[in-house]
Every structure is written in structure tokens, then in C-alpha cells.
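# Analysis of the macromolecular model
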Amino acid sequence: MITLILTLVMCILLFLMIWAATYFYPWTGLLRFFPADIEEKARQHKPPFPAAPVIGWILLALCMLGFVGVIVYGGWDGIQKGFRFEQFFARFLFMLLGVKAFDIIVLDYILITKTQFFQHYIPETKGCAGYHSFGYNRKEQLRQILMMPFSALLLAWVCTLF
């Protein structure tokens, strides 16, 4: 149950990161995660007010700290419960793959192709064909999925050291 809750918290943090990056527009480098036509049009977008990028960076940093906190808590909880290596590995793999599934299904499929979420915050991108190209980042997603077992192994190993 704790693993499921931690996974849900990570999904919420990921959504908050996407929202903060979209609304407060702290860094144009984040646009590389979008289809090329959206990336090009979004470069014309300006932050909603002068201090917005600073607020965006603060929110992104807090969300990243939240990710670290969730992983640390997952490890600490497992240590307290006497988890073996396999249990740590299963917990971390479930959490990482759960967040990746959320990313692909909710963020890439629903937010990009089915809603007007990004167009609402970055109106310059209305009408871009990229909003209808689910799977545009297939290679990047696959690379990340292939790295997750190794990340889970590393996290499990670190936790077993304690």
C-alpha cells in the first residue's frame, strides 16, 4: 500500500512540475520534450509576468526535492520493515514504471493529444500538428523505460547497505 501511495505522490509531483514549467515558463530548454512544431511556436511565448520564471524554478526545485523525498522515504520505510534486496527492487521498479506509465498515458496522450492544456497556457501553439502525434518521443520513452530496472537495482542496492 505504501508503494502505491508513494507512486501516486510521484505522479502528482510530476504533474505539478509540468504545470509549473508550462505556466511559469522558467526555461525554454524544457520545450525539447514537445513535438518539433510545438517547440518552435512555443519559443515565441513570453512568461506571464517578469518574476514568473523565478517562481517556476522554485516550484521545479521543490518538486524535485519531493521526488528525492519520496524515494528516500520508500527506502527508509523498507529498511524499517526489514526489506530484502528483492523487495526494495520490486518497490522501486513499481514506483518508477508507475510514474513512466503516468507520463505516457496522462501527460503525453491525454494532455498533449486530447485536451487543450498546453494551448491554454501557451496560446501560440494552437493548431500545431504535434498535438495529434502521440508517440513522437517513442525512442526517448523507450530509453527511459530500459534504464528503470538499472535505476531500481541501484536504489535497492543502496538501501540494502543500511
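Refer to the structure printed above.
Residues numbered from 1 in each chain as written. Predicted model: local features only at pLDDT ≥ 70, side-chain atom pairs only at ≥ 80, totals over all residues. Heavy atoms only, no water.

## A closer look at the overall build of the protein
A tally of regular secondary structure across the protein gives six helices and zero strands. Tracing the protein from N to C terminus, the helices and strands come up as α-α-α-α-α-α. Expressed along its principal axes, the backbone C-alpha trace of the protein runs to roughly 55 × 35 × 25 Å. Taken across its 162 residues, the protein has 38% of its residues classed as buried. Long-range contacts, defined as pairs at least 24 residues apart, comprise 77% of the intrachain contacts of the protein with a sequence gap of at least 6. The average position of the 13 basic charges and that of the 9 acidic charges among the side chains of the protein differ by 2 Å. (Helix = DSSP H or I, 4+ residues; strand = E, 2+ residues; numbered from the N terminus. Buried < 20%, exposed > 50% of the residue type's maximum accessible area, 1.4 Å probe, protein only. Contact = heavy atoms within 4.5 Å. Lys, Arg positive; Asp, Glu negative; His and termini not counted. Charge placed at Lys NZ, Arg CZ, Asp CG, Glu CD.)

## Quick notes on the pattern of salt bridges
Within the structure shown, the criterion is met by six salt bridges. Across the pair Lys-81 and Asp-77 runs a salt bridge whose closest N-O atoms are separated by 3.3 Å. Measuring nitrogen to oxygen at the nearest pair gives 3.2 Å for the salt bridge that ties Glu-86 to Arg-84. We classify Glu-86 as partly exposed; its relative accessible area is 46%. Assessed through its relative accessible area of 51%, Arg-84 is described here as exposed. In this structure, a network of salt bridges that share partners links the residues Asp-77, Lys-81 and Arg-91. (Salt bridge = Lys/Arg side-chain N within 4 Å of Asp/Glu carboxyl O.)

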